Amino acid sequence: MKINGQHYRSVWTVGDDAFGIIDQTRLPHEFVTLTLHSAEEAAHAIRSMQTRGAPLIGAVGAYGLALSVREDASDDAINKALEMLAETRPTAINLKWALWRMRGALLNQPHGRRVALAWAEAGKIADEDVAMSEAIGFNGLKIIEGIAEQKPGQTVNILTHCNAGWLATVDYGTALAPIYMAHDAGIPLHVWVDETRPRNQGASLTAFELGSHGVAHTILADNAGGHYMQQGQVDMVIVGTDRVTANGDVANKIGTYLKALAAKDNNVPFYVALPSSTIDWTLADGRDIPIEERSPDEVLKMQGRLADGSVTVVDIAAPGSGAANPGFDVTPARLVTGFITERGICAATSEGLRSLFPK
Ligand code: MRU
């Protein structure tokens, strides 16, 4: 992704003992990068959502673990760092997937080789994520082309919820990758962007990305999506996901379930884009996915920019009221039209997933 003409990934190495991220809590008002030097700093960045998005926190967790190996390459230390990083965010399976992959690449290896091996494995995880996102883009493009063929000369309207773009991955994105490719292929597109509450990631991150890439878009209050579907103004929905269970249930940013219900009621195709690192084969269905409960402050306050350019946080609720803030919800597989993966498109069923990922 290019920002002001410069190509960025969402995570990059700085020498061989540090790595960089974009501080996403500062977007869209400020573009600030951070350099992380330890597993503790990586854990803080993930917990505070300076870096976020399921595939991206997998890559950041992997680099964090690699840095811990520089300090202590023993099995014990690797297991401790893994645990510390894994507990930062519970819902996205990619984080645990990447950490366990790192562990597998390190234990049973000679201690003297572990620093180099860890850095190389984290790099592989990041590069593979880019390749998977790019393949998801090409596969999803076919669906958008199909819709464009049915309405020649007219704009294809796509709704996306939250941020599943390059800021949520190492590059390209999952849900947004097909959108970027369709835009680059000259298909006239317009994107309805939501998740305006509780964290505002549609308005602050997805809109920032789409604007940077020149894709036409409009921000919607979360409650407005169903209305535009009823009006025939949404041709398809594409969202990302933090965890897909073996039967095809989908955990994603809170509010996704309501979008899926509205899409079903209005015969709007509802696609979920995911790399295979997001599939949790160990859970039979979505009932056991741990749902992260986040700070009530995300509901009771909002961050914004004042007329003088300074960024501040304001209270928006009645003083003294509490708030509940589940970060994710589970969309049942029956509401999902299909999965867009790096290996192709499949039904949101266990058979569909197994047809693409037999082992
Ligand atoms: O809480 P976040 O911002 O880490 O979660 C973001 C989402 O829910 C995304 O849609 C999801 O991670 C998919 S990212 C490709």
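All values reported here derive from a predicted model rather than from experimental measurement. (Residues numbered from 1 in each chain as written. Predicted model: local features only at pLDDT ≥ 70, side-chain atom pairs only at ≥ 80, totals over all residues. Heavy atoms only, no water.)

## With respect to the overall build of the chain
Across its full length, the chain holds 11 helices and 18 strands. Taking 359 residues into account, the globule formula puts the C-alpha radius of gyration at 21 Å, and the chain, at 20 Å, falls close to it. Each principal axis of the C-alpha distribution contributes one length, and for the chain these read about 60 × 55 × 40 Å. Taking all 359 residues of the chain together, the buried fraction comes to 56%. Expressed as a percentage of contacts within the chain between residues at least 6 apart in sequence, the contacts between residues at least 24 apart total 73%. Of the accessible surface of the chain, which amounts to about 14600 Å², a share of 50% is contributed by carbon and sulfur atoms. (Helix = DSSP H or I, 4+ residues; strand = E, 2+ residues; numbered from the N terminus. Rg over C-alpha atoms; globule rule 2.2 N^0.38 Å. Buried < 20%, exposed > 50% of the residue type's maximum accessible area, 1.4 Å probe, protein only. Contact = heavy atoms within 4.5 Å. Areas by Shrake-Rupley, 256 points an atom, 1.4 Å probe, with all protein chains shown as cover.)

## Brief notes about the pattern of salt bridges
Overall, the coordinates contain 15 salt bridges when judged by the stated rule. Between Arg 89 and Glu 292 there is a salt bridge, and its shortest N-O distance comes to 2.9 Å. Of this pair, Arg 89 sits in the loop between α3 (75-86) and α4 (93-106) while Glu 292 sits in the loop between β13 (279-280) and α10 (297-300); the two residues are 203 residues apart in sequence, bridging distant segments of the chain. What makes Arg 89 buried here is its relative accessible area of 5%. Taking relative accessible area as the criterion, Glu 292 reaches 8% and is therefore assigned buried. (Salt bridge = Lys/Arg side-chain N within 4 Å of Asp/Glu carboxyl O.)

## Considering the site of the ligand
Around the ligand sit 18 residues, and of these Arg 89, Gln 201, Asp 242, Asn 252 and Lys 253 come closest. Arg 89 places a side-chain nitrogen or oxygen 2.8 Å from an oxygen atom of the ligand. Asp 242 places a polar side-chain atom, nitrogen or oxygen, 2.8 Å from an oxygen atom of the ligand. Expressed as a share of its isolated accessible area of 410 Å², the protein-covered part of the ligand is 100%. Breaking the shell around the ligand down by element, the ones donating at least two residues are α2 (54-71) and β11 (250-253). Among the residues forming the shell around the ligand, the class breakdown is seven nonpolar, seven polar and four charged. Counting only domains with at least three residues in the shell around the ligand, you end up with domain 1 (2-128) and domain 2 (137-356). (Near = heavy atom within 4 Å. Polar contact = N/O pair within 3.5 Å; in protein donor to acceptor, adjacent residues only side chain to side chain. Nonpolar A, V, L, I, M, F, W, Y, C, P; charged D, E, K, R; others polar. Domains from an automatic or database assignment.)

## Quick notes on the sheet that holds strand β6 (residues 156-161)
Sheet architecture is open: seven strands sit in the order β8-β7-β6-β9-β12-β17-β18, paired in mixed fashion. Looking at which strands have only one partner, the edges of the open sheet turn out to be β8 (217-219) and β18 (344-346). Averaged over all neighbouring strand pairs, the angle between strand axes comes to 25°, with direction disregarded. When β6 meets strand β7 (residues 189-194), the two strands line up parallel, connected through six bridges. (Pairing = 2+ DSSP bridges. Axes fitted to C-alpha atoms, helices over the stretch in contact; angles between N-to-C directions.)

## A word on the packing of aromatic side chains
Within this structure, the stated rule accounts for five aromatic pairs. Between Tyr 8 and Phe 31 the ring centres are 5.0 Å apart and the planes differ by 70°, which places this aromatic pair in the edge-to-face class. Here Tyr 8 is found in the loop between β2 (6-7) and β3 (11-13), whereas its partner Phe 31 is found in the loop between β4 (19-22) and β5 (33-36), with 23 residues between them in sequence. By relative accessible area, which is 30% here, Phe 31 ends up partly exposed. A network of ring pairs unites the aromatic residues Tyr 8, Trp 12 and Phe 31 as a single cluster. (Phe/Tyr/Trp six-rings, centres within 6.5 Å; stacked < 30°, edge-to-face > 60°.)

## A closer look at the domain arrangement of the chain
Assigned domains of the chain: these are domain 1 (2-128) and domain 2 (137-356). Just the C-alpha atoms count here: the centres of domain 1 and domain 2 sit 24 Å apart. Note on domain 1 versus domain 2: buried area summed over both sides is about 2700 Å², and carbon and sulfur give 56% of it. Counting the contacts that link domain 1 with domain 2 gives one salt bridge. Elements with a minimum of two residues in the side of domain 1 that touches domain 2: β1 (2-3), α2 and α4. Residues belonging to the side of domain 1 that touches domain 2 are distributed by class as follows: 17 nonpolar, eight polar and seven charged. (Buried area = accessible area lost by both parts, 1.4 Å probe.)

## Things to note about the side chain of Asn 325
On the secondary structure map, Asn 325 appears in the loop between β15 (311-315) and β16 (328-331). Dropping the residues within four chain positions of it, Asn 325 is found in contact with Pro 198, Glu 292, Glu 293, Arg 294, Ser 295, Glu 298 and Val 299.

## Considerations on the nonpolar core
Membership of the largest hydrophobic core comes to 40 residues, with the highest contact counts inside it found for Val 11, Phe 19, Val 60 and Met 102. Mapped by element, the contributors of at least two residues to this core are β4, α1 (39-47), α2, α3, α4 and α5 (114-150). In terms of residue count, α2 provides more of this core than any other element does, 11 residues in total. Once residues lying within four places of it in the same chain are set aside, the contact partners of Met 102 are Ala 62, Leu 65, Ala 66, Ala 118, Glu 121, Ala 122 and Ile 125. Listed in part, the 35 residues of the second largest apolar core include Ile 136, Ile 143, Ala 175 and Tyr 271. (Core = buried A, V, L, I, M, F, W, Y, C linked by side-chain atoms within 4.5 Å.)

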